[in-house]
Amino acid sequence: QVQLVESGGGLVQAGGSLRLSCAASGRTFSNYAMGWFRQAPGKEREFVAGISWSGSTTYYADSVKGRFTISRDNAKNTVYLQMNSLKPEDTAVYYCAQAGIIRSLGNLWTRYDYWGQGTQVTVSS
């Protein structure tokens, strides 16, 4: 079965950086788009970034454009989220997700069927 395991969360001061990783197993990783989502306390889960199955196309929420970068290493079955210039409002549990359908775009409208357990990111002011 598909397993997604996130790592790299933690506590950082505003303006700092973190890199999240998500290791995937269970299916041919390179066939599927990947996404990162987050959920802050009392708020709905929101799309942060997505990357196509090939890695050629990326998508970002307006709130993170220019600060976050999603990438993937198909040889390592891993997707990354580099987060720079972090703000207190970036504080949330971050989840990686894998598309359910082969060769999806990886944008906000992609159907993501598999989810990791989440990793906490806390940005102090």
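These remarks concern the structure in this document. (Residues numbered from 1 in each chain as written. Predicted model: local features only at pLDDT ≥ 70, side-chain atom pairs only at ≥ 80, totals over all residues. Heavy atoms only, no water.)

Before going further, it helps to examine the nonpolar core. Within the largest apolar cluster, 27 residues are counted, with the highest numbers of intra-cluster contacts made by Trp 36, Val 48, Phe 68, Val 79, Leu 81, Met 83 and Tyr 94. Elements with a contribution of two residues or more to this core: β3 (18–25), β4 (34–39), β5 (46–51), β7 (68–73), β8 (78–83), β9 (92–99) and β11 (119–124). Examining the composition of this core, we find that four residues originate from one element, β3, more than from any other. Those residues in contact with Val 79 that lie beyond four places of it in its chain are Leu 20, Ser 21, Cys 22, Phe 29, Met 34, Trp 36, Ile 51, Ile 70, Ser 71 and Arg 72. (Core = buried A, V, L, I, M, F, W, Y, C linked by side-chain atoms within 4.5 Å. Buried < 20%, exposed > 50% of the residue type's maximum accessible area, 1.4 Å probe, protein only. Helix = DSSP H or I, 4+ residues; strand = E, 2+ residues; numbered from the N terminus. Contact = heavy atoms within 4.5 Å.)

Here Thr 91 is to be found in the loop between β8 and β9. Between the alpha carbons of Thr 91 and Gln 120 there is a distance of 7.8 Å; along the sequence they are 29 residues apart. When residues no more than four places from it in sequence are discounted, the contact partners of Thr 91 are Ala 40, Gln 120, Val 121, Thr 122 and Val 123. Only 2.9 Å separates the side chain of Thr 91 from the backbone oxygen of Pro 88, close enough to count as a polar contact. There is a polar contact of 2.9 Å between the side chain of Thr 91 and the backbone nitrogen of Val 123. (Polar contact = N/O pair within 3.5 Å; in protein donor to acceptor, adjacent residues only side chain to side chain.)

Turning next to the side chain of Ser 104. Mapped onto the fold, Ser 104 is located in the loop between β9 and β10 (112–115). Assessed through its relative accessible area of 13%, Ser 104 is described here as buried. Looking at Ser 104, its side chain comes within polar contact range of the main-chain oxygen of Ile 101, at 2.8 Å. Not counting residues up to four positions away in its chain, the partners in contact with Ser 104 are Ala 33, Ser 52, Trp 53, Ala 99 and Thr 110.

The strand order across the open sheet built from four strands is β1-β3-β8-β7, with neighbouring strands paired in antiparallel fashion. The strands lining the two open edges of the sheet, one partner per strand, are β1 (3–7) and β7. Each strand of the sheet is rotated relative to its neighbour by a mean of 15 degrees, with strand direction disregarded. Of the pairings in the sheet, the one linking β1 to β3 comprises five bridges and is antiparallel in character. Considered in β3, the bridge of Leu 4 is made with Ala 24. (Pairing = 2+ DSSP bridges. Axes fitted to C-alpha atoms, helices over the stretch in contact; angles between N-to-C directions.)

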